[in-house]
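Breakdown of the fold
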Amino acid sequence: MDMNVVINAIKAEMKPSMGCTEPVAIALAVSRTCEMLANPAEKLDMVISSNIFKNAYSVQIPNTGTCGIELACVLGSLLAKPGNTMEICADIKPEHVTKAQELVKAGMVTVKVLKSSGFYIECTATSGSETAHTITEDAHDNMVFAEKDGKVLVDDRKTEEVAEVKEEGGFDVTQHTFKEFYDWANEVDVADLQFIKEAIDMNMEIAKIGMEKKYCFGVGPTIQNLISKGMMSNDVVNAVRSIPAAAADFRMWGGSGSVMTFCGSGNQGISTTLPMAVFADKMGIPEEKLLRAEFMAMLMIMYMKKHVGRLSPVCGAMVAGTGSAAGMTYMLGGTYEQIDGAVQNMMGSVAGIFCDGAKGGCAVKVAACAGEAVYAAMYSMDGSFIPVTDGINSTKAEDTAKNLAKLSHEALDGVDMKVIEIMQEKK
């Protein structure tokens with residue numbers, strides 16, 4: 001296998017983002033739409049999938065101190081300019097927030113929610129006689145359709161399968177096995193994996209800020225306080241739980257700092273990079289071994305996400321935690337059979353965690369899945385595996401992942417709309 005193709009496929013799933021990716025994606029989509037107008041937008045009509053709504057509803061927008069889907073939309077229009085990225089919220093100033101809140105109150109935005117767990121943002125912006133219309137699908141910055149006053153400017157709408165293969169340079173991760181990922185991790189030139197180290201460093205900087213004080217739930221500082229009181233042990237599990245969660249807390253709080261996302265999610269990027277990095281530090285694992293483990297785990301996570309879906313009723317921290325468990329087992333010198341066992345241990349224990357939207361409490365799920373990854377790896381190294389006779393577990397880790405996808409697509413398809421109903425009833 002050409003490792004350059006594989007590495008480029010991983011890199012395609014890694015992008016820096018400031019703030020929770022769903023409200024940011026909404027702001028970016030609106031920005032790109034309004035960019036086509038000669039004058040400021042007067043009206044925004046949005047159509048978004050249920051997963052976008054769920055993940056943008058409660059989480060704070062960076063540099064605003066508050067949340068709101070309509071607010072994200074208007075901010076996108078106010079910040080519209082060529083070259084905006086998923087770090088668009090870095091440009092938000094207090095005057096933007098004040099103006100946006102006024103426009104939201106005046107009824108500038110309408111939002112329609114589709115009963116769909118896919119990734120879909122459609123924006124129609126009007127200004128006088130001008131109209132601009134865009135569609136963003138499958139990925140947070142993937143604008144596939146654009147038209148101005150009825151004239152089509154871009155139309156790259158394709159089937160999901162074709163779009164994914166094109167995006168990844170012809171590499172389809174689902175056509176390979178976890179054993180191949182393990183073999184590639186042993187073969188790849190570690191010098192080509194420095195981009196993973198850069199992602200770890202980027203996310204660790206956010207974690208350090210999150211450990212300084214309590215943001216949202218404040219998982220990291222809370223664990224440290226409990227350790228200092230003798231109520232929790234100062235061990236590798238609590239280190240792996242606290243540091244990634246601190247990064248998630250700061251991010252969900254709307255902190256002004258970017259993280260490296262993975263497969264479209266910042267918390268997933270945190271949960272992919274940091275648990276293994278903290279584990280390596282606490283266990284004295286050499287950097288080369290860590291980078292190879294991350295490389296293997298990233299491919300496994302990509303595989304699982306392709307089946308489960310970029311956005312789904314299933315918690316992304318759980319999927320990333322499963323990859324982390326495999327990576328930790330690799331770092332401990334585990335055989336492929338033990339790595340497979342660690343994946344099975346995670347799938348048989350925390351696979352039932354569902355996503356009830358992006359919010360401060362996500363850090364608690366990040367902590368839970370990161371900590372369980374350590375146990376799953378250590379259980380496996382001690383020869384303990386959840387057997388194939390249990391629940392959704394199958395003979396191979398890949399098949400267990402496919403079983404999880406079946407549950408996500410066929411059994412949990414009503415979860416998102418029910419979560420949205422509960423969210424709106426609380427007002």
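Since the model is a prediction, treat every value here as computed from it, not as a measurement.

The next subject is the side chain of T136. Mapped onto the fold, T136 is located in strand β7 (residues 130-137). Relative accessible area serves as the criterion here: at 3%, T136 is assigned to the buried category. Excluding residues within four positions of it along the chain, T136 makes contact with A29, F119, Y120, I121, D141, N142 and M143.

What follows is about the sheet that holds strand β5 (residues 109-114). On the basis of which strands lie adjacent, the open sheet formed by six strands has the order β5-β2-β6-β7-β8-β9 and mixed pairing. Each end of this open sheet is capped by a strand with a single partner; those strands are β5 and β9 (151-155). Strand-to-strand, the axes of this sheet are offset by a mean angle of 10°, without reference to chain direction.

Given two aromatic rings, their pairing is described by the distance between the two centres and the angle made by the two planes. For the coordinates displayed, the defined rule picks out 12 aromatic pairs. With centroids separated by 5.8 Å and ring planes inclined at 35°, the aromatic side chains of F178 and F181 adopt a geometry described as tilted. Linking F178 with F181, this pair stays in helix α7 (residues 178-187), spanning three residues, or about one helical turn. Residue F178 shares its accessibility class with F181, and that shared class is buried. Between the aromatic rings of F178 and Y303, the centroid separation amounts to 5.1 Å while the plane-to-plane angle is 80°, which identifies the pairing as edge-to-face. Of the two residues, F178 is situated in helix α7 and Y303 in helix α12 (residues 287-308); the sequence distance between them amounts to 125 residues. In this structure Y303 comes out as buried when scored by relative accessible area, which is 2%. Positioned above the aromatic ring of F195 is the side chain of K11, whose terminal nitrogen or guanidinium carbon lies 5.1 Å from the ring centre. Directly above the ring of F354 sits K365, whose terminal nitrogen or CZ lies 5.6 Å from the centroid.

What counts, and at which threshold
- Residues numbered from 1 in each chain as written.
- Predicted model: local features only at pLDDT ≥ 70, side-chain atom pairs only at ≥ 80, totals over all residues.
- Heavy atoms only, no water.
- Helix = DSSP H or I, 4+ residues; strand = E, 2+ residues; numbered from the N terminus.
- Buried < 20%, exposed > 50% of the residue type's maximum accessible area, 1.4 Å probe, protein only.
- Contact = heavy atoms within 4.5 Å.
- Pairing = 2+ DSSP bridges.
- Axes fitted to C-alpha atoms, helices over the stretch in contact; angles between N-to-C directions.
- Phe/Tyr/Trp six-rings, centres within 6.5 Å; stacked < 30°, edge-to-face > 60°.
- Lys NZ or Arg CZ within 6 Å of the ring centre and 35° of its normal.

Read these as spatial facts, not as claims about activity.
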